[in-house]
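Fold and contact review
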Amino acid sequence: KDVSQDTEEIYSPNQGICCKFKSRKCGHIFSFSKFDAKAPDQSFCQKAHHVEYQIPPRSPQGQVIATSDLKPGHPAHTVQNYCDLSSHEEAVGDEASVADEEKTVGSRKGLMQSMVNEITSNSIDVMAKEIFSIYVCTRWAPDSEFLQILQNEISTEQLPNMEPGKLYSTGRFIPLRCSENFQVFSHVALGETSFENFEQQMKSLAEWYAAEKDGAVSDRLAKLTGLKEAKAFDLEAVVNATKTCTDKTGWSVSIHSASVAGLFANCQAVKWWLAKLRDWHRAMPFTSFMSPDEDAAKVAPKEKEQILMCFGKRVASQLHRREGGQHLMTDQNAIGCHGFWDMKQAGSMLARIVKLWRPPTCQLASMELDMKVKIMELMASMNSRLFDALPALLTEEISANSDFDGKALAASSLGVSLMRGMWQAISSSFSALRGHYTRLGQLLGNTVVKWAVCPLKNISTPEEVEKLDMALGTEDDLARYYAEIAYAKWTGHENLLPGEECEDGPLENTKACSLGIMQQDMPEPYKDEKFICPVRPLLPAKQQLEVLQKKKGWCPLRMNSEQMKGASWFYRGRTPQKTQYDMTENSPQKDFQAVRVMHFKSRQDSEFHLWRNFATISLQCTHEEMAETPRWCKDPQVHHSSSSTNAVLDSMGRAGRGTKRFVQQGLHKAGMAEEPHSNSAGGKAFGHWLYNRRKGAEAWIKDTTDAWFGKASDRYDKLRERSFLEIEAAELLHSLSFQRELESTGADSKRKQRYDRFA
């Protein structure tokens, strides 16, 4: 850049760039300078580039939370500031002593703390949301800390007794430094949302990766081959080097390429290196390792393949140690991991995760619902296991002989009156218990169950009411919905899958079959975007279409491409990173065509080459055509069964028979006449006549059949194209789906709009 005079050079050690402004442009005839490379940008000539890792703010998850010093928006703060527990104090009485009053205050605080712990820890909602997190690991150097771990694995015979350097260089031991878990759902201040907080954390991490992708630490890690070079990553050794370094002349070495001895000797370089190492340790505070077997080590990550990303909880076991080992450890969950990425790819993957998980895509809402259902299924399984064990438990309680070890079950025999009486007693007790299950299931299937946490204090201003509602969430009736499914074993309730139960539809002679309930801002708002997501799990497309396919005598109405375009009712399942469901009504119209689902097949799609289900449908009349010309839209009435007609035609087609014989045989096959007598002579004569002419007919047939079959094939293709379509199953289901806004029930103060999605 042209300036009035040269400026002092600026050195950015992480990038290995020395930059200065010159009075003459690069390439000028009188520019005698070694500064002949263009800088990435002018800022490198203004100050040294140094980006530190910023630790994102986090909220404590899954622990006992004290009610003091809490910010508005946290459930504990809401309980503490809005719950009226005065009735709990009044239970002591008017003549309570000072000691009793102090005890009551302590009891009230204890009750409040218990409420907070139940709401924040003993909650299906919290359990389901806690799983949505991510942690990242960096492939690290075998510094002194990892060498101790490696020696511990060798001494406890978990790894072969080899030189530590060889175990590292052959991929049998891979050191990792890992971050804390970044939670998608966390407690945030009023006016903020969890995902925006998570989005900012991922953005900060991606920016740090971008700054470090060509940095000194990343570069030296990629070039690392053995234990000698790994000493540069030994934090204790680097600290000692800052105290003993001798070269105080300034920057005389390259951080990227200097030997360990040269790096440790230069005071300015080693002090900078120490600050950078501490920055990486702050970003990745936890030490982990991988120890692949001999075959798996052949595909171990190399060079710049440094970043491993993992979804879900980190800890996969109890705290333990090796037998005779000197380290406490746990198994680390790697099921949700992907990588190893270079740092540029890692930053891109973080951006893609955020884009895919934005609330309008319904990815989070769908996974959260799946997780809640799995938790409820486990709870229902606890109930079922107890019920299935009741006969054995009752036998043990009623009968003295309950030892069945080594005895095979046999067919029942009630020959002994004493045994009959005992089993009748057991059966009677079991039936009574079954009756309790049945009645409770019938009760819970259509019953609201709520925990009334506490009465509200007197709130005097609209502003305070608004502030309270900002801290609150919405009702979730998933547990009530699932209770009916869970107790179906005892109640005998059927048609519980989405789309099985139907009611009168919005058009004449139609049925509306609910596929799911959608809610605004589910699971939480996102910026200014308007969207809805399911609050009850939707069936996968193929299974939902199979439910509709089984409705004999009924065909779903379908919107074609032009109709969907006109209604702005677009299917976006192929681009899951986009908003999936619009907050709008979509009603069926009379010109929508009925279709019948015929069959399915699985194949790769033409765009993304992913395996998907495709459905073949037959096109029927529109609703309007059905009303105006019902005769042409229904199957024709057959007065004689197809078997009778085929019998007539089959009989008439038999060669070597006379015309009379054809008719008589056909009428007999159709059940309209007696069996005729055989006349083989006429048949034989006709057969000889036909044989003699066959040779002459062969040439004519050969010349004409190709043209005939070609025309028939064209006609078949045209008819099939007009009568049948093949559509990807999820796209078909979307074209069969409609949406209507539901009236507000007043179930919670958020007043989120809800929609019924139906076929």
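In the block above lies the structure referred to throughout.
Attention here is on the structure that accompanies the text. (Residues numbered from 1 in each chain as written. Predicted model: local features only at pLDDT ≥ 70, side-chain atom pairs only at ≥ 80, totals over all residues. Heavy atoms only, no water.)

1. Quick notes on the overall build of the chain
Keep this limit in mind: Secondary structure elements follow DSSP: runs of H or I no shorter than four residues count as helices, runs of E no shorter than two count as strands, and numbering proceeds from the N terminus. Throughout, exposure labels follow a simple rule: accessible area from a 1.4 Å probe, protein chains only, divided by the maximum for the residue type, with under 20% read as buried, over 50% as exposed, and the rest as partly exposed. Any two residues having at least one pair of non-hydrogen atoms within 4.5 Å are treated as being in contact. Surface exposure here means Shrake-Rupley accessible area, sampled with a 1.4 Å probe, where a residue is shielded only by the protein chains that are shown.
In terms of regular secondary structure, the chain is built from 26 helices and 17 strands. Here the chain, with 759 residues, has 36% of them falling under the buried criterion. A sequence separation of at least 24 residues applies to 72% of the contacts in the chain between residues at least 6 apart. Surface exposure of the chain reaches about 45,700 Å², of which carbon and sulfur atoms provide 52%.

2. Points about the sheet that holds strand 15 (residues 724–728)
Threshold: Should DSSP find at least two bridges between two strands, the strands are taken to pair. Fitted lines through C-alpha atoms give the axes, limited to the stretch in contact for helices. The angle between two N-to-C directions lies from 0 to 180 degrees.
One open sheet holds the four strands; their spatial order is 12-13-14-15, and the pairing between them is antiparallel. Across the chains shown, the open sheet's two edge strands, defined by having one partner strand only, are strand 12 (557–558) and strand 15. Its contacts with the sheet put helix 19 (residues 541–549) on strand 13 (593–604) and strand 14 (611–622), and the angle it makes with strand 13 is roughly 145°.

3. Focus: a negative patch on the surface
Put simply, the test is: Like-charged residues within 9 Å of one another, or nonpolar side chains (Val, Leu, Ile, Met, Phe, Trp, Tyr) within 5 Å, are grouped into patches, provided each residue has over 30% relative accessible area and no salt bridge. Between Lys or Arg on one side and Asp or Glu on the other, a salt bridge is scored when a side-chain nitrogen of the former is within 4 Å of a carboxyl oxygen of the latter. By the counting scheme adopted, Arg and Lys are positive, Glu and Asp are negative, and His together with the chain ends is not counted. The atoms used to mark charge sites are NZ of Lys, CZ of Arg, CG of Asp and CD of Glu.
A surface patch of negative charge is lined by D591, E624, E625 and E628. Residue E624 is classed as partly exposed on the basis of its relative accessible area, which comes to 38%.

4. Some thoughts on the nonpolar core
What tends to happen in soluble globular proteins is that the nonpolar side chains get buried as a cluster. Applicable threshold: For our purposes a nonpolar core is just a set of buried Ala, Val, Leu, Ile, Met, Phe, Trp, Tyr and Cys residues, chained together by side-chain atoms within 4.5 Å.
Grouped together as the largest cluster of nonpolar side chains are 71 residues, with contacts concentrated most on F198, Y209, F233, W273 and M309. Residue contributions to this core peak at nine residues, all from helix 12 (residues 267–283). In this structure, F198 is in contact with I134, F182, Q183, V184, V354 and W357, ignoring residues within four places of it in sequence.

5. Description of a nonpolar patch on the surface
A surface patch of nonpolar side chains, about 320 Å² in accessible area, is lined by L378, M379 and M382. Here L378 lies in helix 14 (residues 363–398).

6. Notes on the state of the cysteines
For clarity, the cut-off: Pairs of cysteine sulfur atoms within 2.5 Å are identified as disulfides in what follows.
Inspection of every chain in the model, using the stated rule, returns seven disulfides. Paired by a disulfide, C83 and C454 hold their sulfur atoms 1.8 Å apart. Its torsion about the S-S bond being -75°, the disulfide of C83 and C454 is classed as left-handed. Of this pair, C83 sits in the loop between helix 1 (75–82) and helix 2 (86–90) while C454 sits in the loop between helix 15 (417–444) and helix 16 (462–471), and the two are 371 residues apart along the sequence. The buried category is assigned to C83, whose relative accessible area is 4%. The class of C454 is partly exposed, set by a relative accessible area of 24%.

7. Brief notes about the packing of aromatic side chains
Put simply, the test is: The aromatic pairing rule takes the rings of Phe, Tyr and Trp, using the six-membered ring of Trp, and pairs them if the centres are within 6.5 Å, calling planes under 30 degrees apart stacked, those over 60 edge-to-face and the rest tilted.
In the structure shown here, the tally under the stated rule is 14 aromatic pairs. Here the aromatic rings of W208 and Y209 are separated by 6.0 Å at their centres, their planes lie at 40°, and the arrangement is tilted. Here Y209 falls in the buried class, since its relative accessible area comes to 0%. For the ring pair W208 and W280, a centre distance of 4.8 Å and an interplane angle of 55° mean the geometry is tilted. Here the residue W208 occupies a position in helix 7 (residues 194–212), and W280 occupies one in helix 12, the gap between them amounting to 72 residues.

Purely geometric stuff here, so don't read any function into it on its own.
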